[in-house]
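Coordinate inspection notes
Chain by chain, the residues:
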Amino acid sequence: MDEQPEPVQEPAPQTGGGLDRRAELSEFLRTRRARLKPEDVGLPDFGRRRVPGLRREELAQLAGVSVAYYTRLEQGNGRNVSAEVLDAIARALRLTGAEHAHLTHLAKPKQHKKKQTARAQQVRPALRHLLDSIDTVPAYVVGRRSDILAWNRMAAALFGDWAELPAPERNWARLVFLRPDYRELFVEWDQKAADIVGLLRMDAGCHPDDPKLSALVGELSVKSEEFRRLWAAHDVKEKSYGVKRMRHPLVGDLTLSFETFRLVDESEQSLITYHAEPGSPSAEALRLLASWGADATRAGTGTTAQ
């Protein structure tokens, strides 16, 4: 399992404004290694360390590869690395499923991804009709880069009328990090922010050559100190399910469960729905939002075009 990758070369200049995949691979491995302690993996700890986390030689030992091999990989040279070696390193680093997938995307990128990044994101008409038919549940479709592509009336009532925003601003990352009203909407704003950055990190692993994603990351890094800190952590996350607590300007506090339904047409789009426990105060609040119709949509989170 100790095959040798090609000799390390200086990273090639990025074209089209994309992210440096080799730098992403290097930083991801380094930050994953730094979060582990020897006792976490059953190794003895011989006193104070100059930097936190496992040493490279310790990680290489756990993965069953040579120190030189792992060092080259952590320097960003993932060419010729086998799936078996990546699996071993993922186990040694105690990676989650999302992190393992991210590592694979960074080390063994698919060559067709660059063409896909240039394609405009389109929502199928039938899916738009489905959204319109859902009367009591906030629902929307999110695509690459956390872009909000389509939504129903209840989503507008809950989150604000995204139709009033220019298309480039209909993006969860921009809304969460650059809009004070969304900071007030999400009670656990810190968790929402971390989730968004984790999703963008997964996207970056799949599409490092996407200039729009690179531009988004650059913009948010300049405008938001919180985004810079979270982006530097290299944490990744996949869309899933859970509970969000919100504080709506019209109906007050809500506790809503959300579900993610990944569409199967390879469009990298997901349908997100929010619902409340039947009979709960949050269910009554959603019912009120639905009954208010356009008035609630105009109020939303106080969102207006900027």
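Residues numbered from 1 in each chain as written. Predicted model: local features only at pLDDT ≥ 70, side-chain atom pairs only at ≥ 80, totals over all residues. Heavy atoms only, no water.

1. Quick look at helix H3 (residues 67-74)
In an α-helix, one turn spans 3.6 residues; hence positions three or four apart end up facing the same way. Here is the rule: Only protein chains enter the accessibility calculation, which uses a 1.4 Å probe; a residue is then buried when its area is under 20% of its type maximum, exposed when over 50%, and partly exposed in between. Helix and strand definitions follow DSSP, with helices as H or I runs of at least four residues and strands as E runs of at least two, each counted in order from the N terminus. Residue contacts are counted whenever heavy atoms from the two residues lie within 4.5 Å of one another.
Counting buried residues in H3 gives six out of eight residues, a clear majority hidden from the surface. In the core, the buried residues of H3 are packed alongside helix H1 (21-34), helix H2 (56-63) and helix H4 (83-92). Positive phi appears at Gly76, one or two residues downstream of H3, with a value of about 105°.

2. Notes on the packing of aromatic side chains
Definition in use: Aromatic rings from Phe, Tyr and Trp, with only the six-membered ring used for Trp, were paired whenever their centres fell within 6.5 Å, and each pair was classed as stacked if the ring planes differed by under 30 degrees, edge-to-face if by over 60, and tilted otherwise. By definition, being over a ring means that NZ of Lys or CZ of Arg is both within 6 Å of the ring centre and within 35 degrees of the ring normal.
Going through the model one piece at a time under the given rule, you end up with 16 aromatic pairs. Where Tyr140 meets Trp162, the ring centres are 5.7 Å apart and the plane angle is 85°; that geometry is what we call edge-to-face. Linking Tyr140 in strand S1 (residues 139-142) with Trp162 in the loop between helix H8 (153-159) and helix H9 (172-178), this pair joins segments that are 22 residues apart in sequence. As far as burial versus exposure is concerned, Tyr140 and Trp162 are alike and both buried. Centroid distance Phe227 to Trp231: 5.7 Å. Interplanar angle 15°. Geometry classified as stacked. Of the two residues, Phe227 and Trp231 are both situated in helix H13 (residues 225-232); the distance of four residues between them amounts to about one turn of the helix. Both residues of the pair, Phe227 and Trp231, count as buried. One aromatic cluster in this structure is built from Tyr140, Trp151, Phe159, Trp162, Trp172, Tyr182, Phe186, Phe258 and Tyr274. Taking the ring centre of Trp172 as reference, the NZ or CZ of Lys192 above it sits at 4.4 Å.

3. A word on the sheet that holds S1
Note the following rule: In short, DSSP must find at least two bridges between two strands for them to pair. Axis definition: a line fit to C-alpha positions, over the contact stretch in the case of helices; interaxial angles, taken between N-to-C directions, run 0 to 180 degrees.
Spatially, the five strands line up as an open sheet ordered S2-S1-S5-S4-S3, and their pairing is antiparallel. Here the strands that pair on one side only, and so sit at the sheet edges, are strand S2 (148-151) and strand S3 (242-248). Direction aside, neighbouring strands of the sheet carry axes that sit 30° apart on average. In the sheet, S3 pairs with strand S4 (residues 252-262) via seven bridges, with the strands oriented antiparallel. When the sheet's bridge partners are listed, Val243 is paired in S4 with Ser257.

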